Amino acid sequence: METMITGKALVLACSAIGAGLAMIAGIGPGIGQGYAAGKGAEGVGRQPEAQGDIVRTMLLGAAVAETTGIYGLVIALILLFANPLVKLLG
Amino acid sequence: MDETRKLQRNYLIYLLIADIVFVVLAFIFLEAPLAFVYGLVFGSAISALNFVELGNTLRRAVTMSPAKAQGYATRKYFVRYIVTGVVLYVSIVAPYINVLGTIIGMTIIKFIIFATNLFNDKQYYKNIFKRKEDEPSGH
């Protein structure tokens, strides 16, 4: 028996794959932030009087680095729960 | 109050000012501003909390050994990431919250950091058009 794949089913399946791929963007900032914190801890160990400067610089860098992860999350959630492509099918 | 907390407080004040500007603009230009304003306030409140939590995490991480700090910072990042995900999900599902407002509210603080640290520096704009080959060091 032949199974028909409807356009909507195909779009939903591809959207789910796209959402999964977009979530990969969330891993990078996590690894990066952890690496930066490790290096920051090393720096503070080497030069304890610079702790304030190190934390401040790392705070700004980490806050900006998180942005790309949030963008990926937004794309994934929109593809899953407010998919604009399904509406295009009519 | 240490310097990091002062810096965080300054950014939160800037965030509040930017929020007020966006709310005024929404009431002037949008047909249904209330949903956008709800989203904006929701998103920026959570991003402010995340920013404070990030500061606390890093302040604690630098006192640990490097290996422990790495794991601790990554773990805390994923906790914040899940919180962000829940906030975005709620704003997508709830009809009275505009998701665009939430996204803008969440990213305002990043643009404030860019504006106060990068775009206020004239040297940054000069360096865009400067060729490395023209520098006196010859690199």
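Per chain, the residues get numbers from 1 upward, laid out in the order the sequence is written. As a convention, the first chain written is A and the first ligand written is 1, with the rest following in written order. Side-chain atom pairs in this predicted model are given and counted only at pLDDT of 80 or more, local residue features only at pLDDT of at least 70, and totals for whole chains, interfaces and linings cover all residues.

Going by the annotation in an unreviewed UniProt entry, the name recorded for chain B is ATP synthase subunit I, with Fusibacter paucivorans given as the source organism. Under the Subcellular location (unreviewed entry) heading, UniProt states for chain B: "Cell membrane". UniProt positions are given in the numbering used here, feature names are shortened, and annotations may be inferred rather than shown by experiment.

In the annotation of an unreviewed UniProt entry, the entry for chain A reads ATP synthase subunit c, and the organism field reads Fusibacter paucivorans.

1. With respect to the overall build of chain B
From N to C terminus, chain B includes five helices and zero strands. Secondary structure is summarised from DSSP: a helix means a run of H or I of at least four residues, a strand means a run of E of at least two, and numbering begins at the N terminus for each. Ordered by position in the sequence, the α and β elements of chain B form the string α-α-α-α-α. What you see for chain B is a C-alpha radius of gyration of 19 Å, clearly larger than the 14 Å of a compact globule of 139 residues, by over 25%. Burial is judged by counting the other C-beta atoms within 10 Å of a residue's own C-beta: 20 or more makes it buried, 12 or fewer makes it exposed, and any count in between marks it as partly exposed, with every C-beta position built from the backbone. Burial statistics for chain B: of 139 residues in total, 32% are counted as buried. At a minimum sequence separation of 6, the contacts of chain B that also span at least 24 residues come to 72%. The quantity called the radius of gyration is restricted to C-alpha atoms. Its globule counterpart is 2.2 Å times the number of residues to the power 0.38. Residue pairs qualify as contacts under a 7 Å threshold applied to their C-beta atoms, which are placed from the backbone.

2. What about the nonpolar core?
Within the largest apolar cluster, 28 residues are counted, with the highest numbers of intra-cluster contacts made by Ala37, Met58, Leu59 and Ala62 of chain A together with Leu58, Ala61 and Val62 of chain B. Secondary structure elements with two or more residues in this core: α2 (27-46) and α3 (51-81) of chain A together with α1 (3-29), α2 (33-61), α3 (66-93) and α4 (99-117) of chain B. Here this core gets eight residues from one element, more than from any other, and that element is α2 of chain B. For Val62 of chain B, the contacting residues outside a window of four places in its chain are Gly40, Ala41, Val44, Gln51, Ile54 and Val55 of chain A together with Ala69 of chain B. A set of buried residues drawn from Ala, Val, Leu, Ile, Met, Phe, Trp, Tyr and Cys, joined through C-beta atoms within 7 Å, is what defines a nonpolar core. One finds Leu73 and Leu79 of chain A together with Val87 and Leu88 of chain B within the second-largest nonpolar core, a separate group that totals 12 residues.

3. Description of the packing of α3 of chain A against α4 of chain B
Interaxial angle, 0 to 180 degrees, is taken between N-to-C directions of lines fitted to C-alpha atoms, where a helix line uses only the stretch in contact. At a minimum axis distance of 10 Å, the contact between α3 of chain A and α4 of chain B shows a crossing angle of 145 degrees. When you trace α3 of chain A past α4 of chain B, the crossing you get is left-handed. The residues of α4 of chain B that touch α3 of chain A, namely those facing Leu60, Ala63, Val64, Thr67, Ile70 and Val74 of chain A, are Ile103, Met106, Thr107, Ile109, Lys110, Ile113 and Asn117 of chain B. For any helix crossing, the convention is left-handed if the near helix is rotated counterclockwise from the far helix by under a right angle, and right-handed if that rotation is clockwise.

4. Comments concerning the UniProt feature "transmembrane region" (unreviewed entry) in chain A
Here, the residues flagged by UniProt with the feature "transmembrane region" (unreviewed entry) are residues 58-82 of chain A. Between the C-alpha atoms that bound residues 58-82 of chain A the distance is 35 Å, and the span itself is 96% helix and 0% strand.

5. Some points on the UniProt feature "domain: V-ATPase proteolipid subunit C-like" (unreviewed entry) in chain A
Following the UniProt record, the feature "domain: V-ATPase proteolipid subunit C-like" (unreviewed entry) maps to residues 17-79 of chain A here. What you have in residues 17-79 of chain A is 89% helix and 0% strand, and the ends, taken at the C-alpha atoms, are 10 Å apart.

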